[in-house]
Amino acid sequence: MVEEINYTKKVRQELADIIPNARHCRLAELGGMLASIGKYSEKTGELSASSESILVIEKIEKLVKKILDIDITQNLFYDKNRVGKEIVTIVFTKSETDDILKSIKVTAVDKENDKKCPAVSPLLYTLACCKRAFIRGVFMACGSLTNPEKDYHLEFSTPDRELAEQLIGALAEFDIEAKKIIRKKQHVVYIKDGERIVDVLNVMEAHVTLMDMENIRIIKDVRNQINRRVNCEAANIQKTISAAIKQCEDIRFVQSITNFDGIDESVVRTAMLRLENPEATLSELVELHDEKVSKSGINHRLKKISEIAGKLREEVQGTMEERNGNE
C-alpha cells in the first residue's frame, strides 16, 4: 500500500531550504515564525518557540544564525505532549531575546493568554519580497495543506487575532483573498480555492509542491470533465430511449385502432421502421430510410403519429365515458 503524502510536511521541507539573501527578508520570515509560535516569559525575560516539526525549529535556528550570528544548537530541548508526540523547543537567553525582539520590530507582547506571542510591526514587511518571506514564515510555523487529491484546503492557525489580520492583509497584497474563522480559540485563516492555493505556494516560493498540485488539479479537472460528459451522454441516452418507447407505444396504438388507414404513407414507413428498430437514434433511422429524409423530417413524422395517438385516445376515452353514462 502506497503511503499517503503529507502535504504540510512536503511544503515545510521545501520551504526549510529557502534562506533569503537579504537581511530584511530574513527578519520578516523570522518575525512571522516567532509571532506564530513564540512565547515570551515576563518572569525570565526569555523567548522560546515550540513545534512538533523539527524543520520549523531548525529554520528558526538557521535564520537567527544568519541574522545575529548566534549559535543556539545547545538551546534545544525535547519533550512529549499529552498525546505522545515529540515537541522540540528552542529557548533564547535574555540577551539573545532582547536582540531578536529588537531586530524583528516587536511592538507588544500578548498578555491575554499563556501563549504571549510577540506581535511584530507591519514595518517589518513593507516590501513585496518581505511580505513573501513573512507569509512563508507564518506557514512554516502554523500552516497546513490538505492533500489536494482529496480537497483544496490551506490554512494558518494562530492564537493571535492581530497576526491573523496581518496575514490576511499580506495575502491581499498578492490579490489572494483569505477568510477567517475562530476554531477552539484559534484564529484560522483559510483558503479553499485550488487556484488561490497555488498562488499562495507561488508567493511562498514552494515551486515543487506548486507543480505537483497543478498536475493534480489538471488530472482532477480532466476527470471531472469526463464524468460530466459521461453523465450528460447517459442522460441523453436515457432521454432517447424514453422517447423511443413512447413512440413505439403510440405507433402500436394507432395501428390497433386505424390499421394506418388515412395516414400518409411516408409517416407509416417511418413508424414501421421505428417499430422494427426501437433502439435506433434519429440519425440511424435516416440511414434506414430508402428515401432521402432529414433528422428533422423523421422527428416531424414521429410527432405526427404521437399527435394522432393523442387524438385517438381522447376519442376512445370520450366513447367509454359516454357508454358508462348511458349504463
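Residues numbered from 1 in each chain as written. Predicted model: local features only at pLDDT ≥ 70, side-chain atom pairs only at ≥ 80, totals over all residues. Heavy atoms only, no water.

Q: Tell me what's going on with the pairing of strand β4 (residues 86–91), and back it up with residues and numbers.
A: The sheet contact formed by strand β2 (residues 47–51) and β4 spans 4 bridges and is antiparallel. Paired with A49 across the bridge in β4 is I90. (Pairing = 2+ DSSP bridges. Helix = DSSP H or I, 4+ residues; strand = E, 2+ residues; numbered from the N terminus.)

Q: Residues and numbers for the packing of aromatic side chains, please.
A: As enumerated under the stated definition, the model contains 2 aromatic pairs in all. Centre to centre, the rings of Y125 and F134 are 4.2 Å apart; their planes meet at 15°, and the pair counts as stacked. Of the residues examined, Y125 reaches a relative accessible area of 6% and is grouped as buried. Above the face of the Y152 ring, K220 is positioned so that its terminal group lies 4.1 Å from the ring centre. (Phe/Tyr/Trp six-rings, centres within 6.5 Å; stacked < 30°, edge-to-face > 60°. Buried < 20%, exposed > 50% of the residue type's maximum accessible area, 1.4 Å probe, protein only. Lys NZ or Arg CZ within 6 Å of the ring centre and 35° of its normal.)

Q: Hey, could you go over the pattern of salt bridges for me, with residue numbers and the actual values?
A: Taken as a whole and assessed by the stated rule, the structure comprises 16 salt bridges. Note that D98 is salt-bridged to K94, the shortest N-O span being 3.4 Å. Taken together, the positions of D98 and K94, both in helix α4 (residues 94–103) and 4 residues apart, correspond to about one turn of that helix. On the basis of relative accessibility, which here comes to 38%, the residue D98 falls in the partly exposed class. The class of K94 is partly exposed, set by a relative accessible area of 46%. D250 is the salt-bridge partner of R313, the closest N and O atoms lying 2.9 Å from each other. Linking R313 in helix α11 (residues 295–326) with D250 in helix α8 (residues 207–258), this pair joins segments that are 63 residues apart in sequence. (Salt bridge = Lys/Arg side-chain N within 4 Å of Asp/Glu carboxyl O.)

Q: Could you give me a rundown of the sheet that holds strand β3 (residues 76–80), with the residues and numbers involved?
A: Overall, antiparallel pairing links the 4 strands, which are arranged β1-β2-β4-β3 in an open sheet. The sheet is open, and its two borders are formed by β1 (38–40) and β3, each paired with just one other strand. Each neighbouring strand pair of the sheet contributes to a mean axis angle of 25°, computed without reference to strand direction. Strand contacts of α4: β1, β2 and β4, with the helix running at about 80° to β2, the strand carrying the most contacts. (Axes fitted to C-alpha atoms, helices over the stretch in contact; angles between N-to-C directions. Contact = heavy atoms within 4.5 Å.)

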